[in-house]
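Each chain, letter by letter, is given below.
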Amino acid sequence: LGRRRMEQSIAAMRGHVIICGWGRVGRSIAAEVAAAGRPYVIVELDEDRVADTTAPVVIGDATVDQVLEEAGIARAAALVAAVESDAGNSFITLGARSLNQSLFIVARARQHDSEAKLARAGAEEREAIQDWLAHRCDDGPPCERCTWCSVRRWVGRRAEDALRAHDGGVTL
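Below is a summary of the structure that appears in this document. In this text the structure is predicted, and so the values were computed from the model without any measurement.

Let's talk about the pattern of salt bridges
Here's step 1: Evaluation of the coordinates by the stated rule reveals one salt bridge.
Here's step 2: With a closest N to O distance of 3.3 Å, R27 and D52 form a salt bridge. Here the residue R27 occupies a position in helix α2 (residues 24–35), and D52 occupies one in the loop between β2 (40–44) and β3 (57–59), the gap between them amounting to 25 residues.

Re the nonpolar core
Here's step 1: Judged by nonpolar contacts, the single largest core of 23 residues is most densely connected at I18, C20, V43 and L79.
Here's step 2: Going through the elements one at a time, β1 (17–20), β2, α3 (65–70), β4 (78–81), α4 (86–99) and β5 (104–107) are the ones with two or more residues in this core.
Here's step 3: If we ignore the near neighbours within four places in the chain, the residues touching V43 are I18, I19, C20, G21, V58, G60, A62, V67 and A71.
Here's step 4: By size, the runner-up hydrophobic cluster in this structure holds 16 residues, among which are I29, I42, A55 and F104.

Notes on the sheet that holds β3
Within a sheet, neighbouring strands are paired by backbone hydrogen bonds and run either parallel or antiparallel to one another.
Here's step 1: Spatial strand order, β3-β2-β1-β4-β5: five strands in an open sheet with parallel pairing. Looking at which strands have only one partner, the edges of the open sheet turn out to be β3 and β5. Averaged over all pairs of adjacent strands, the angle between their axes in this sheet comes to 15°, without regard to strand direction.
Here's step 2: Relative to β3, β2 runs parallel, the two sharing three bridges. Bridged to I42 within β3 is V57.
Here's step 3: α2 rests against β1, β2 and β4 of the sheet, and its axis sits at about 165° to β1.

Criteria and thresholds
Residues numbered from 1 in each chain as written. Predicted model: local features only at pLDDT ≥ 70, side-chain atom pairs only at ≥ 80, totals over all residues. Heavy atoms only, no water. Salt bridge = Lys/Arg side-chain N within 4 Å of Asp/Glu carboxyl O. Helix = DSSP H or I, 4+ residues; strand = E, 2+ residues; numbered from the N terminus. Core = buried A, V, L, I, M, F, W, Y, C linked by side-chain atoms within 4.5 Å. Buried < 20%, exposed > 50% of the residue type's maximum accessible area, 1.4 Å probe, protein only. Contact = heavy atoms within 4.5 Å. Pairing = 2+ DSSP bridges. Axes fitted to C-alpha atoms, helices over the stretch in contact; angles between N-to-C directions.

What follows is the structure, given as structure tokens:
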């Protein structure tokens, strides 16, 4: 009964955050997301790690597309990849980006040289999550203040439109 109710709760979510990994970083991000008043879903492989939470949880490997789909990735606004390995976070980022092109993705990097690889895979700057959490812009038109809006403004648009909007003075 509890599992079914949780699945229905996740199915009803829109514009939520998917947090992959329920370790120190995942818990910290969840606290920030909750403080910002945003709904979130946890994706964790180890059921024992999430036994103490009341948040919606999908038990499974976040590198598997079906698990991300169960977490509502098509309707999500953001994903945080915070599993233990940089390779896992890269794989989650690649999968998430392919399932939702407009998804805001932040990935944890344990090794400094992994940051560039995560960016190439489709993750935003780590600091960008602070901008994203600070604004409720995703429900309305993009603002001029935050990284999230500057990225979101051009998702799915043609480069020609961006050039016209900025009188040719834009870097793509």
